[in-house]
Amino acid sequence: MTTRVGVVTFPGSLDDVDARRAVKLAGAEPVALWHGDKDLHQVDAVILPGGFSYGDYLRCGAIARFSPVMETIIDRAHAGLPVLGICNGFQVLCESHLLPGALTRNDHLHFICRDQRLRVESTTTAWTGAFAEGQEITVPLKNGEGGFVADERTLDELEAEGRVVFRYLDLNPNGSRRDIAGIRNPEGNVVGLMPHPEHAVEELTGPSTDGLAFFASVVRELVA
């Protein structure tokens with residue numbers, strides 16, 4: 001049976017088509033999900049893509065968190081559904097309290113777009129099993145509000161529990177605390193990161209194909 005991975009489109013989503021293409025290249029069936037539809041159409045995993053959901057007119061992701069589709073995703077995520085939030089999707093996951101902390105304005109107050117080196121800190125998630133712990137990868141990064149923040153107690157818990165999934169290398173592009181680029185929930189089925197793996201899946205267009213392993217990981221996890 002083919003693995004079905006849903007990709008949500010919110011008003012203002014930019015990278016939903018890219019995410020669906022990455023899913024297809026990884027050997028799964030991409031399924032378009034609409035923000036106003038509670039039905040997940042029997043998908044096995046969900047991706048919340050990058051963009052500016054609902055125009056980012058409140059805090060980034062704050063309105064999307066209350067969309068009909070998120071009601072279902074939140075319930076299913078608590079039951080074990082693999083969910084990946086990329087950039088704006090990471091913001092939505094934090095606003096939904098599926099992940100702790102928040103994403104704030106870049107410390108230099110400018111939008112940034114660059115190829116970013118990361119270190120894989122955790123492979124015990126539904127979305128990173130195809131990586132090696134400590135592996136260094138390069139994927140594009142583009143954000144204006146990408147600084148991950150949390151109180152010291154939460155940061156210490158993330159570190160102690162191995163829930164930091166990715167860390168920035170070379171430079172910290174947005175002021176994220178402790179160079180954190182991505183985190184996971186305690187169970188490992190929900191992952192959020194600021195860089196964009198869906199833009200690094202083909203030799204022709206990406207700085208690498210390192211991003212493809214994200215999508216291959218969830219396929220391997222679901223068919224195991």
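In case you missed it, the structure is sitting above this.
Below or above, wherever it landed, is the structure these notes cover. Each chain has its residues counted from 1, running along the sequence as written. Since the coordinates come from a predicted model, pLDDT governs what is reported: local features require at least 70, and pairs of side-chain atoms require 80 or more to be given and counted, while whole-chain, interface and lining totals use all residues. Hydrogen atoms and water are omitted, and side-chain values are computed over all heavy atoms in the structure.

Moving on: unusual backbone geometry. Phi at His41 is positive, roughly 55°, even though this residue is not glycine. To qualify as a helix, a DSSP run of H or I must reach at least 4 residues; to qualify as a strand, a run of E must reach at least 2; elements of each kind are numbered from the N terminus. Note on placement: His41 falls in the loop between strand S2 (29–34) and strand S3 (45–48). Residue class for His41 comes out partly exposed when judged on its relative accessible area of 32%. Unlike most non-glycine residues, Leu109 shows phi in positive territory, near 65°. Here Leu109 is to be found in the loop between strand S5 (102–104) and strand S6 (112–120). A simple rule labels every residue: compare its accessible area, found with a 1.4 Å probe on the protein chains alone, to the largest value its type can have, and call it buried under 20%, exposed over 50%, or partly exposed in between. On the basis of relative accessible area, Leu109 is assigned to the exposed category, the value being 55%.

Now for the sheet that holds strand S11 (residues 190–193). DSSP-based pairing: two strands are paired if at least 2 bridges between them are found. An order of S2-S1-S3-S4-S11-S10-S9-S6-S7 is seen for the nine strands of this open sheet, with the pairing classed as mixed. Looking along the sheet, the strands with just one partner apiece sit at the ends: S2 and strand S7 (136–143). Each adjacent strand pair in this sheet contributes to an overall mean axis angle of 25°, direction not counted. Bridge analysis of S6 against S7 gives eight bridges, and the strand direction is antiparallel. Between the N-to-C directions of two axes lies an angle of 0 to 180 degrees, each axis being a line fitted to C-alpha atoms and, for a helix, fitted only over the stretch in contact.

Let us now look at the pattern of salt bridges. Basic side-chain nitrogens of Lys or Arg form a salt bridge, by our definition, when they fall within 4 Å of a carboxyl oxygen of Asp or Glu. Under the defined criterion, the tally for this structure stands at 16 salt bridges. The partner of Glu121 in a salt bridge is Arg119, with the nearest N and O atoms 3.2 Å apart. Under the relative-accessibility criterion, Arg119 is labelled partly exposed at 26%. Here Arg153 ties to Glu157 by a salt bridge, and the two come within 3.6 Å at their closest N and O atoms. With Arg153 and Glu157 both in helix H4 (residues 152–160) and four residues apart, this pair spans about one turn of that helix.

Right, let's get into H4. If you check which residues of H4 are buried, you get Thr154, Leu155 and Leu158. Buried residues along H4 cover an arc of 100° about the axis, so they all sit on one side. Among the exposed residues of H4, those oriented more than 90 degrees off its buried face are Arg153 and Ala160. Here, two residues are considered to be in contact whenever any of their heavy atoms come within 4.5 Å of each other. Buried residues belonging to H4 abut strand S8 (147–149), strand S9 (164–168) and strand S10 (180–184). Any pair of nitrogen or oxygen atoms within 3.5 Å is treated as a polar contact; in protein, a donor-acceptor pairing is required on top of that, and neighbouring residues in sequence qualify only through side-chain atoms on both sides. Among the residues of H4, the N-terminal cap falls to Asp151, whose side-chain oxygen and the backbone nitrogen of Arg153 are separated by 3.1 Å. Backbone geometry just after H4 places Gly162 at a positive phi near 65°. As used here, the arc belongs to the directions running from the helix axis to the C-beta atoms.

Interpretation in functional terms is not warranted from these geometric data alone.
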